[in-house]
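Each chain is listed here by its residues.
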Amino acid sequence: MNTELMEALTILEKEKNISKDVMMDAIENSLISACKNHFGTAENIKVIMDRETCDYAVYAEKKVVEEVTNPALEISLEEAEKLDSALQVGDVAQIPVQSKEFGRIATQNAKNLILQKIREEERKVVFDQYFEKEKDIVTGIVQRYVGKNISINLGRADAMLTENEQVKGEVFKPTDRIKLYVVEVKNTPRGPKILVSRTHPELVKRLFEAEVAEVRDGTVEIKSIAREAGSRTKMAVWSNDPNVDPVGACVGMNGARVNAVVQELRGEKIDIINWDENPALLIENALSPAKVISVMADPEEKVANVIVPDYQLSLAIGKEGQNARLAARLTGYKIDIKSETQAIEAGDLPENYMEQMGLMEEEGYTGDYDEEYEDGAYDEYGNDGYDESDGYEESYDDHSQEEPEEIEFVETDK
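Residues numbered from 1 in each chain as written. Predicted model: local features only at pLDDT ≥ 70, side-chain atom pairs only at ≥ 80, totals over all residues. Heavy atoms only, no water.

### Considering the overall build of the protein chain
Keep this limit in mind: Only DSSP runs of H or I covering at least 4 residues are called helices, and only runs of E covering at least 2 are called strands; the numbering of each starts at the N terminus. Relative accessibility decides the category of a residue: with a 1.4 Å probe and only protein chains considered, values under 20% of the type maximum give buried, values over 50% give exposed, and everything between is partly exposed. The criterion used for residue contact is that any of the two residues' heavy atoms lie within 4.5 Å.
Tallying secondary structure elements over the protein chain gives 13 helices and 15 strands in all. Split into buried and exposed, the 414 residues of the protein chain put 41% on the buried side. Taking as baseline every contact in the protein chain between residues at least 6 positions apart, the subset at least 24 positions apart corresponds to 59%.

### Concerning the packing of aromatic side chains
For the record, the criterion: Note on aromatic contacts: the rings of Phe and Tyr and the six-membered ring of Trp form a pair at centre separations within 6.5 Å, being stacked when their planes are under 30 degrees apart, edge-to-face when over 60 apart, and tilted otherwise.
Per the counting criterion, the structure on display carries one aromatic pair. A ring pair is formed by Phe 127 and Phe 131, whose centres lie 5.4 Å apart and whose planes are at 25°; its orientation type is stacked. Taken as a pair, Phe 127 and Phe 131 lie in helix H4 (residues 104-131) at a separation of four residues, close to a single helical turn. The buried category is assigned to Phe 127, whose relative accessible area is 15%. Taking relative accessible area as the criterion, Phe 131 reaches 42% and is therefore assigned partly exposed.

### Some thoughts on the sheet that holds strand S13 (residues 294-298)
This is how the line gets drawn: Here a strand pair is declared whenever DSSP counts at least two bridges between the two strands. Throughout, an axis means a line fitted to C-alpha atoms (over the contacting stretch in the case of helices), and angles, computed between N-to-C directions, take values from 0 to 180 degrees.
The strand order S13-S14-S15 describes an open sheet built from three strands, whose pairing is mixed. The two strands at the open ends of the sheet, each matched to only one other strand, are S13 and strand S15 (334-339). Looking at each pair of strands side by side, their axes are set apart by 15° on average, direction ignored. In this structure, strand S14 (residues 303-308) lies alongside S15, joined through six bridges in parallel fashion. When the bridges of S15 are listed, Ala 304 appears paired with Ile 335.

### Observations concerning the sheet that holds strand S11 (residues 232-239)
In a beta sheet, neighbouring strands are held together by backbone hydrogen bonds and run either parallel or antiparallel to one another. One open sheet holds the three strands; their spatial order is S10-S11-S12, and the pairing between them is mixed. The sheet terminates laterally at strand S10 (220-228) and strand S12 (269-274), the two strands that pair on one side only. Within this sheet the neighbouring strands show an average axis-to-axis angle of 20°, counted without direction. Both S10 and S11 contribute to a ladder of eight bridges, which runs antiparallel. Within the sheet, the bridge partner assigned to Ile 222 lies in S11 and is Val 237. Docked against the sheet, helix H9 (residues 279-286) engages S11 and S12, running at close to 155° with respect to S12.

### As for the confidence of the model for the protein chain
This is how it is decided: Every residue gets a pLDDT, meaning the predictor's confidence in that residue, from 0 to 100.
Summarising the model, the protein chain shows a mean pLDDT of 80, and 83% of its residues fall at 70 or more. Predicted confidence for residues 359-414 stays below pLDDT 50, and this span has 129 contacts to residues more than four positions away or in other chains.

### Some thoughts on unusual backbone geometry
In the segment running from Ser 288 into Pro 289, the intervening peptide bond is cis, with an omega of 15°. Examined against the element boundaries, Pro 289 turns out to sit in the loop between H9 and S13. Positive phi, normally seen in glycine, also occurs at Lys 135, with a value near 65°. Looking at the secondary structure, you find Lys 135 in the loop between H4 and strand S5 (137-146). Lys 135 sits in the partly exposed class, given a relative accessible area of 41%. A positive phi angle, near 80°, is found at Thr 175, a position not held by glycine. Mapped onto the elements of the fold, Thr 175 is located in the loop between strand S7 (158-161) and strand S8 (177-188).

Shown next as structure tokens:
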């Protein structure tokens with residue numbers, strides 16, 4: 001048994017996860033290459049290697065002739081009889097080749113061939129390892145800033161977090177551990193190139209899968225996500241089990257689950273709403289926490305007209321239009337939001353709409369909205385509240401309470 005070779009292959013297999021069979025094939029090819037460099041040809045070279053003991057032998061097959069014209073491929077009858085007296089003209093003799101006979105150049109080429117194979121296999125193993133994590137999250141350690149990019153160590157490979165994939169305002173220090181979404185893994189001659197992101201919407205989805213068991217096992221589905229990285233995310237969820245509240249499952253006890261995600265995203269606000277197959281109901285939920293009077297949605301044109309109370313208009317639109325913009329991305333609809341007054345002027349509501357509302361109030365219908373936000377919005381500390389001038393100020397909507405009776409929901413397209 002070739003003990004030294006066996007030990008070397010075993011160490012390679014453990015440390016670099018390169019199989020012994022692959023390395024034995026590389027050794028065989030290197031011996032053939034060395035013979036080609038030494039003898040000028042390798043067409044008649046045979047390498048026999050025992051995969052169990054790592055013992056190997058190299059033979060040159062030469063044809064027995066009376067007169068030799070090509071020493072690399074032929075052997076005289078006289079020389080052949082010295083090896084085996086039974087050989088005759090026309091037979092093929094197997095001449096043992098001693099690796100000690102190889103010159104320095106042939107030996108160096110064989111060595112380089114083996115090292116190259118080791119490097120190729122190592123890159124392939126690393127590529128396969130991270131290719132399996134494509135479209136998933138990994139934990140990386142911040143190494144250093146390279147210009148405006150950040151070098152991240154992922155274990156057996158490094159990744160570069162480019163400026164475009166960074167969240168504005170996030171600053172990292174060396175040795176910080178952060179979660180990253182693996183966008184793509186490319187195989188290059190220099191090794192795998194791993195593209196990672198902190199801004200991708202799927203990062204939020206994967207974080208919830210890690211935190212929420214119901215999402216992980218498929219009981220709760222995340223139907224849609226709209227994200228403005230570093231600022232706010234809206235997420236629509238649906239439960240396949242009528243006994244499981246999808247929003248409550250994602251929020252967790254006292255907001256523990258969603259808080260873990262918010263903390264990982266460095267304080268990014270998260271709205272969690274109920275998904276609905278009815279586009280009008282979905283749009284109403286998506287505009288939360290703003291109260292909606294009516295939604296008229298056209299599924300074919302993917303447009304929707306929404307009417308909200310006058311004092312809810314700024315809340316529905318949000319700061320710099322963020323709430324409406326995220327709701328549009330979440331639902332896939334182009335949303336036009338009008339206040340009651342604007343709707344009356346445009347003819348979308350009857351001119352005596354306000355009088356009708358006043359009559360309903362006299363009959364016991366409460367048409368006044370409480371200026372303080374009643375339900376559905378909590379910050380990471382469990383406090384509720386919103387700033388009407390800036391749009392929705394804090395995070396997620398749980399829709400746990402019934403809507404106030406004064407909301408009149410008008411649905412024209414289903």
